[in-house]
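As a plain string of letters, each chain reads:
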Amino acid sequence: MNIDTRLRDLQLKLYESFLTDCTSSNSINNLTNFKRINECIAEIFSDSNDISILDFNDTVEFSHIVETVLEQEKFKEYDAKGKKQYSNTLFWYQRFLNAKKLFSSIVSSSTNNSKGTNGKRNIHISIKDIELDSKSQYFILPLRTKPFLLLAGISGTGKSQKVQELAFMTCPDGELRNEGGTTPGNYCLVEVKPNWHDSTELLGYYSALSGKYELTNFIRFAYKALQNKDVPFFLCLDEMNLAPVEQYFAEYLSVLETRKKVGENIHTQYLLRKDAFSNCELQDENGNLYSEKDAEIITYLKENGLTLPDNLFVIGTVNMDDTTHQFSRKVIDRAFTIEMNGGKMSEMFSPESKMLLEYRDEPIPLEAFKAEFVRAYEVLDDARFAKYKDVISTRIPELLGDSDGTADADSINGILNETPFRVSYRVQNELVLYLSTLIERANFPEPDQIEGLIGEATLAILMEKVLPRVQGEQKQLETQKGKSNVLKDLKTFVENHLKPAEDSDANSLYSQVLRKLKEMDDKLANYYTNFF
């Protein structure tokens, strides 16, 4: 056992002892104390009388509760008569939550986050407690906003490998590592074929001839994700635009937009209803129709149908050449797009490069990827983000501008006003979701300190959501009566409103956006431009 492990074990014992002391304390277990405190807390939440101090598990939220309760006249009266025992109970519980939070962080770094494929993770881990390098964050932040990502770029730049890397860095020890083959069990490669023109290639179909439902690797992988809910699963649609995406992927694109937060999980409408399997029998007169594993899947689908697991992330690789299809705005609007056009060739020989397709001793947990919110109002209604409500609800619409053609000229929609590329509610919603992750990673700074985070989130949305939509001829993109164009105007907007306070990094998001705008503007000089 090395020194770091011994220190972690010692810390675990100390915090276990502290938590035991807190929960066994007379001040914590005194039911009268609870009753009086709960009365005061209920006054804060006028819509609920049935509320308890034990309902609160978030340290930031409970700190606000403590501050408010301590100022109540009723509480001051109780506390004076009780010789401070009520305030002591509040402070004990606050210390308990702080210790629990730190204890959880230590546990997550000293033990595997999943015990085999059937293990349960009972500890909530915040995104700010997870160490991520800058390269990983570039891919993880969009996936945490929405579980559908496009990787675009020239052939051979590592797009498909990037999906494998994400699977290797997240795969826990256990069965998923021991399935055989060269890739983790939480990774699936689906090669798109040029002749795909409907959803049967992904979702399968019932064959009246054979009397069985023809399962696909997509369905098998989605089912496996449902059985391993604590692990991120990555589906790579390789060369996904070799066929028209809108035709074979229509059901997924539609169901993706039905995501809804229910408790701590994200639910969707059905991708496949159980009625589709009503005629499926497991056997005929000749014996079993399915393998043992496929029979298990069919049995599940007959009883439950199939929705999108909230731990399933779909990543498509994209090449743009004479053999591929263009993306419609329906697809672009529903995905984040990251461009991968290579890097420094010497990086291929670095020690870090050798480790990219290796399992980690401490895998990155699902919490780094899994969305916490689906709608912007869920962010603003959350106690941790409530203090940012005024800033976000004012600043974001100012930067984006209204989508009805009346936007101020000095806004993104103001620049795109005369084009079909204006952005609307979906983009604004995802900008707020992206921003919420940045705020959490920054450990919830004060509202007057998030302007830089708003700028970073807006740059990401510009690069990964807005610019992929922009394409056309010179006449379509001109502005100011032909004196300029949307690309030049967007560049000026970025320089005026989104420049970081400190930016000396040529690879920063700000620099990348400016380079992309210049590249697209240079292409427009040859009459036509697009993102890809």
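Only a predicted model underlies this, so the values are computations on that prediction, with no experimental measurement involved.

A. Highlighting the packing of aromatic side chains. Summed over the entire model, instances satisfying the criterion amount to 19 aromatic pairs. Among the aromatic residues, those joined into a cluster by ring pairs are Phe 148, Trp 196, Tyr 248, Phe 249 and Tyr 252.

B. Just the nonpolar core, in detail. Phe 234, Phe 369, Ile 439 and Val 494 are the most contacted members of the largest nonpolar core, which has 73 residues in total. When residues in this core are grouped by element, the largest group, 9 residues, is from helix 20 (residues 451–466). For Phe 234, the residues in contact, after removing those within four places along its chain, are Leu 143, Val 163, Leu 166, Ala 167, Thr 170, Asn 186, Tyr 187, Cys 188, Phe 221, Phe 313, Ile 315 and Phe 369.

C. Highlighting the pairing of strand 12 (residues 312–318). Counting buried residues along strand 12, 7 of its 7 residues qualify, which places the element largely inside the surrounding structure. Sheet topology note: the strand 1 (residues 148–152)/strand 12 ladder contains 5 bridges and is parallel. Bridge assignment links Leu 151 to a residue of strand 12, and that residue is Thr 317. Sheet topology places strand 5 (residues 233–238) next to strand 12; 5 bridges connect them, and they run parallel. Across the sheet, Cys 236 pairs through a bridge with Ile 315, a residue of strand 12.

D. Representation of the sheet that holds strand 1 within the structure. Spatial ordering of the open sheet is given by 2-5-12-1-13, a layout of 5 strands whose pairing is parallel. The open sheet has two free edges, formed respectively by strand 2 (187–191) and strand 13 (336–339), since each of these has just one partner strand. In this sheet, neighbouring strand axes are inclined to one another by 20° on average, regardless of whether the strands run parallel or antiparallel. Of the strands in this sheet, strand 1, strand 2, strand 5 and strand 12 are in contact with helix 8 (residues 159–170), which crosses strand 5 at around 170°.

E. Structural detail: the side chain of Thr 268. Relative to the elements of secondary structure, Thr 268 occurs in the loop between strand 7 (265–267) and strand 8 (270–272). The exposure class assigned to Thr 268 is buried, which follows from its relative accessible area of 15%. Side-chain polar atoms of Thr 268 contact the backbone nitrogen of Leu 308, separated by 3.1 Å. The residues contacting Thr 268, other than those within four sequence positions of it, are Val 255, Thr 258, Arg 259, Thr 307 and Leu 308.

F. Seen up close, the packing of helix 10 (residues 217–227) against helix 13 (residues 292–304). Running from amino to carboxyl end, helix 10 crosses helix 13 at an angle of 75°, the nearest separation of the two axes being 11 Å. Looking at the two axes, helix 10 sits roughly perpendicular to helix 13. Between helix 10 and helix 13, the residues in contact are Ile 219, Arg 220, Tyr 223 and Leu 226 and Lys 293, Asp 294, Glu 296, Ile 297, Tyr 300 and Leu 301, respectively. For the contact of helix 10 with helix 13, the per-class residue count stands at 6 nonpolar, no polar and 4 charged.

G. Molecular detail of the packing of helix 19 (residues 425–441) against helix 20. Relative orientation of the contacting elements helix 19 and helix 20 amounts to 135°, with a least axis distance of 9 Å. With respect to helix 20, the element helix 19 is oriented oblique. The interaxial crossing formed by helix 19 with helix 20 has right-handed handedness. Of the residues in helix 20, those touching helix 19 at Val 427, Glu 430, Leu 431, Tyr 434, Leu 435, Leu 438 and Ile 439 are Leu 453, Ile 454, Glu 456, Ala 457, Thr 458, Ala 460, Ile 461 and Lys 465. Here the contact of helix 19 with helix 20 is built from residues that sort into 11 nonpolar, 1 polar and 3 charged.

H. Representation of the side chain of Glu 165. Here Glu 165 shows up in helix 8. The residues touching Glu 165, leaving out its near neighbours within four places in the chain, are Leu 356 and Leu 357.

I. Structural view of unusual backbone geometry. At Gln 480, a position not held by glycine, the phi torsion is positive, near 50°. Mapping Gln 480 onto the fold places it in the loop between strand 15 (478–479) and strand 16 (484–485). The phi dihedral of Tyr 527 is positive, around 95°, even though this residue is not glycine. Examined against the element boundaries, Tyr 527 turns out to sit in the loop between helix 23 (509–524) and strand 17 (528–529).

J. Spotlight on helix 5 (residues 73–81). Within the sequence span of helix 5, burial applies to Phe 75, Tyr 78 and Asp 79. Each buried residue of helix 5 sits inside an arc of 95° when the element is viewed along its axis, so together they form one side. Turned more than 90 degrees from where helix 5 packs its buried face, Glu 73, Ala 80 and Lys 81 sit exposed. Following helix 5 by one or two positions, Lys 83 has its phi on the positive side, about 55°.

K. Region of the structure containing the pattern of salt bridges. Summed over the entire model, instances satisfying the criterion amount to 26 salt bridges. Across the pair Lys 146 and Glu 430 runs a salt bridge, and its minimum N-O distance is 2.8 Å. One end of the pair, Lys 146, is in the loop between helix 7 (134–145) and strand 1; the other, Glu 430, is in helix 19, and 284 residues separate them in sequence. Owing to a relative accessible area of 3%, Lys 146 belongs among the buried residues under this scheme. Classification of Glu 430 by relative accessible area gives buried; the value is 3%.

L. Summary view of the environment of Glu 339. Locating Glu 339 in the fold gives a position in strand 13. Overall, the relative accessible area of 22% leaves Glu 339 in the partly exposed class. A C-alpha to C-alpha distance of 9.2 Å links Glu 339 and Lys 159, two positions 180 residues apart in sequence. Beyond its immediate chain neighbours, meaning those up to four positions away, Glu 339 contacts Ala 152, Lys 516 and Phe 531. Engagement of the side chain of Glu 339 in a polar contact is seen with the side chain of Asn 341, the distance being 3.1 Å. Side chain to side chain, Glu 339 and Lys 516 meet in a polar contact 2.8 Å long.

How each quantity is defined
- Residues numbered from 1 in each chain as written.
- Predicted model: local features only at pLDDT ≥ 70, side-chain atom pairs only at ≥ 80, totals over all residues.
- Heavy atoms only, no water.
- Phe/Tyr/Trp six-rings, centres within 6.5 Å; stacked < 30°, edge-to-face > 60°.
- Core = buried A, V, L, I, M, F, W, Y, C linked by side-chain atoms within 4.5 Å.
- Buried < 20%, exposed > 50% of the residue type's maximum accessible area, 1.4 Å probe, protein only.
- Helix = DSSP H or I, 4+ residues; strand = E, 2+ residues; numbered from the N terminus.
- Contact = heavy atoms within 4.5 Å.
- Pairing = 2+ DSSP bridges.
- Axes fitted to C-alpha atoms, helices over the stretch in contact; angles between N-to-C directions.
- Polar contact = N/O pair within 3.5 Å; in protein donor to acceptor, adjacent residues only side chain to side chain.
- Parallel < 35°, antiparallel > 145°, perpendicular 65-115°, else oblique.
- Nonpolar A, V, L, I, M, F, W, Y, C, P; charged D, E, K, R; others polar.
- Left-handed = near helix turned anticlockwise from the far one by under 90°.
- Arc of directions from axis to C-beta.
- Salt bridge = Lys/Arg side-chain N within 4 Å of Asp/Glu carboxyl O.

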